[in-house]
Amino acid sequence: MPKIRFLPDGIATEVAAGTSILEAARSCGAHVGSACGGVCACSTCHVYVKAGFDELSEVQENEEDIIEKAFDVKATSRLGCQARLQADATYEVEITAESRKAFLDEHPDLR
Ligand code: FES
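The notes below deal with the structure included here. (Residues numbered from 1 in each chain as written. Predicted model: local features only at pLDDT ≥ 70, side-chain atom pairs only at ≥ 80, totals over all residues. Heavy atoms only, no water.)

### Considering the nonpolar core
We apply this condition: In this text, buried Ala, Val, Leu, Ile, Met, Phe, Trp, Tyr and Cys residues form a nonpolar core when linked through side-chain atoms within 4.5 Å. Note on exposure labels: buried denotes an accessible area under 20% of the residue type's maximum, exposed denotes more than 50%, and partly exposed covers the range between, all computed with a 1.4 Å probe on protein chains only. Numbering goes from the N terminus for both helices and strands, where a helix is a DSSP run of H or I of at least four residues and a strand is a run of E of at least two. In this analysis, two residues are considered to be in contact whenever any of their non-hydrogen atoms come within 4.5 Å of each other.
By size, the foremost hydrophobic cluster in this structure holds 25 residues, and its most contacted members are Ile4, Phe6, Ile21 and Leu85. Contributions of two or more residues to this core are made by β1 (3-7), α1 (21-28), β4 (46-51), α2 (61-67) and β7 (90-95). With four residues, α1 is the single largest residue contributor to this core. In this structure, Ile21 is in contact with Ile4, Phe6, Val47, Val49, Leu56, Gly80, Ala83, Leu85 and Val93, ignoring residues within four places of it in sequence.

This is the structure:
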(Lines give C-alpha, C1' and ligand atoms only; values in the text may rest on other atoms or scores of the structure.)
Protein backbone atom coordinates (compact mmCIF):
# COMPACT_ATOMS: atom_id res chain seq x y z
CA MET A 1 0.00 0.00 0.00
CA PRO A 2 1.19 3.54 -0.65
CA LYS A 3 2.38 5.40 2.43
CA ILE A 4 2.28 9.18 2.68
CA ARG A 5 3.64 11.65 5.17
CA PHE A 6 2.55 15.29 5.23
CA LEU A 7 4.92 18.09 6.19
CA PRO A 8 5.35 20.22 8.18
CA ASP A 9 3.21 18.34 10.73
CA GLY A 10 4.51 14.83 10.01
CA ILE A 11 1.03 13.28 9.88
CA ALA A 12 1.29 9.93 8.09
CA THR A 13 -1.07 7.31 6.76
CA GLU A 14 -1.41 4.35 4.41
CA VAL A 15 -4.00 4.39 1.66
CA ALA A 16 -5.25 2.20 -1.16
CA ALA A 17 -3.45 2.55 -4.48
CA GLY A 18 -5.17 5.16 -6.63
CA THR A 19 -6.05 7.45 -3.72
CA SER A 20 -5.38 11.12 -4.41
CA ILE A 21 -3.13 13.19 -2.17
CA LEU A 22 -6.19 15.24 -1.17
CA GLU A 23 -8.19 12.12 -0.28
CA ALA A 24 -5.24 10.84 1.76
CA ALA A 25 -5.01 14.18 3.57
CA ARG A 26 -8.70 14.09 4.41
CA SER A 27 -8.39 10.53 5.73
CA CYS A 28 -5.72 11.49 8.28
CA GLY A 29 -6.58 15.10 9.12
CA ALA A 30 -3.73 16.78 7.26
CA HIS A 31 -4.56 20.39 6.41
CA VAL A 32 -4.74 20.48 2.61
CA GLY A 33 -7.13 23.09 1.21
CA SER A 34 -9.82 22.16 -1.29
CA ALA A 35 -11.93 25.21 -2.03
CA CYS A 36 -13.39 23.73 -5.24
CA GLY A 37 -14.10 20.37 -3.65
CA GLY A 38 -11.41 18.55 -5.59
CA VAL A 39 -12.54 19.20 -9.16
CA CYS A 40 -9.34 20.88 -10.41
CA ALA A 41 -10.66 24.43 -10.41
CA CYS A 42 -8.96 26.38 -7.60
CA SER A 43 -5.30 25.42 -6.87
CA THR A 44 -5.82 25.58 -3.08
CA CYS A 45 -4.67 21.92 -2.87
CA HIS A 46 -1.21 22.88 -4.17
CA VAL A 47 1.55 20.81 -2.53
CA TYR A 48 5.26 20.16 -3.02
CA VAL A 49 6.12 16.49 -3.45
CA LYS A 50 9.41 15.82 -1.64
CA ALA A 51 9.54 12.05 -2.18
CA GLY A 52 7.74 9.81 -4.64
CA PHE A 53 7.17 12.48 -7.29
CA ASP A 54 7.90 10.06 -10.16
CA GLU A 55 5.56 7.46 -8.63
CA LEU A 56 2.50 9.70 -8.91
CA SER A 57 -0.10 9.64 -11.68
CA GLU A 58 0.84 11.69 -14.73
CA VAL A 59 0.03 15.40 -14.85
CA GLN A 60 -2.93 16.02 -17.15
CA GLU A 61 -3.51 19.20 -19.16
CA ASN A 62 -6.27 20.50 -16.89
CA GLU A 63 -3.95 20.20 -13.86
CA GLU A 64 -1.23 22.12 -15.73
CA ASP A 65 -3.70 24.88 -16.51
CA ILE A 66 -4.80 25.28 -12.90
CA ILE A 67 -1.44 24.84 -11.17
CA GLU A 68 -0.08 27.78 -13.18
CA LYS A 69 -2.39 29.94 -11.09
CA ALA A 70 -0.90 28.74 -7.79
CA PHE A 71 1.58 30.78 -5.74
CA ASP A 72 5.32 29.89 -5.92
CA VAL A 73 5.06 26.92 -8.28
CA LYS A 74 8.14 24.63 -8.29
CA ALA A 75 9.28 21.59 -10.26
CA THR A 76 7.87 19.42 -7.47
CA SER A 77 4.44 21.10 -7.45
CA ARG A 78 1.25 19.05 -7.88
CA LEU A 79 -2.41 19.56 -7.18
CA GLY A 80 -3.42 17.29 -4.34
CA CYS A 81 -6.81 16.54 -5.85
CA GLN A 82 -5.29 15.36 -9.13
CA ALA A 83 -2.08 13.54 -8.14
CA ARG A 84 -2.78 9.91 -7.28
CA LEU A 85 -0.66 7.62 -5.15
CA GLN A 86 -0.51 4.67 -7.47
CA ALA A 87 2.67 2.84 -6.47
CA ASP A 88 3.58 0.81 -3.41
CA ALA A 89 5.92 3.61 -2.41
CA THR A 90 6.55 6.07 0.39
CA TYR A 91 5.51 9.59 -0.49
CA GLU A 92 6.40 12.78 1.34
CA VAL A 93 4.38 15.90 0.65
CA GLU A 94 4.85 19.44 1.94
CA ILE A 95 1.60 21.33 2.26
CA THR A 96 2.08 24.88 0.99
CA ALA A 97 1.37 27.77 3.34
CA GLU A 98 -1.43 28.90 1.01
CA SER A 99 -3.02 25.47 1.07
CA ARG A 100 -2.90 25.28 4.88
CA LYS A 101 -4.43 28.75 5.08
CA ALA A 102 -7.19 27.74 2.64
CA PHE A 103 -7.92 24.65 4.75
CA LEU A 104 -8.24 26.71 7.92
CA ASP A 105 -10.45 29.22 6.11
CA GLU A 106 -12.69 26.28 5.18
CA HIS A 107 -12.57 24.87 8.74
CA PRO A 108 -12.42 27.85 11.14
CA ASP A 109 -13.30 25.51 14.02
CA LEU A 110 -9.82 23.95 13.68
CA ARG A 111 -7.88 27.21 14.08
FE1 FES B 1 -9.43 22.76 -6.11
FE2 FES B 1 -7.63 20.76 -6.15
S3 FES B 1 -9.13 21.20 -4.65
S4 FES B 1 -7.88 22.34 -7.60
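### Comments concerning the sheet that holds β7
The following threshold applies: The pairing criterion is simple: DSSP has to find at least two bridges between the two strands. Axes here mean lines fitted to C-alpha atoms, for a helix over just the part in contact, with angles spanning 0 to 180 degrees between N-to-C directions.
If you trace the five strands from one edge of the open sheet to the other, you get β2-β1-β7-β4-β5, paired in mixed fashion. One side of each edge strand has no neighbouring strand; the edge strands of this open sheet are β2 (11-14) and β5 (77-79). Adjacent strand axes in the sheet meet at a mean angle of 35 degrees when their direction is disregarded. By the bridge criterion, four bridges tie β1 to β2 in an arrangement that is antiparallel. Its bridge partner being in β2, Lys3 is matched across the sheet by Glu14. α1 rests against β1, β2, β4 and β7 of the sheet, and its axis sits at about 75 degrees to β1.

### What about the state of the cysteines?
Definition in use: Here, a disulfide means two cysteine sulfur atoms that sit within 2.5 Å of each other.
Scanning the entire structure with this criterion turns up zero disulfides. Unpaired in terms of disulfides, Cys28 finds its nearest cysteine sulfur in Cys45, a separation of 15 Å. According to the relative accessible area criterion, Cys28 is partly exposed, its value standing at 22%.

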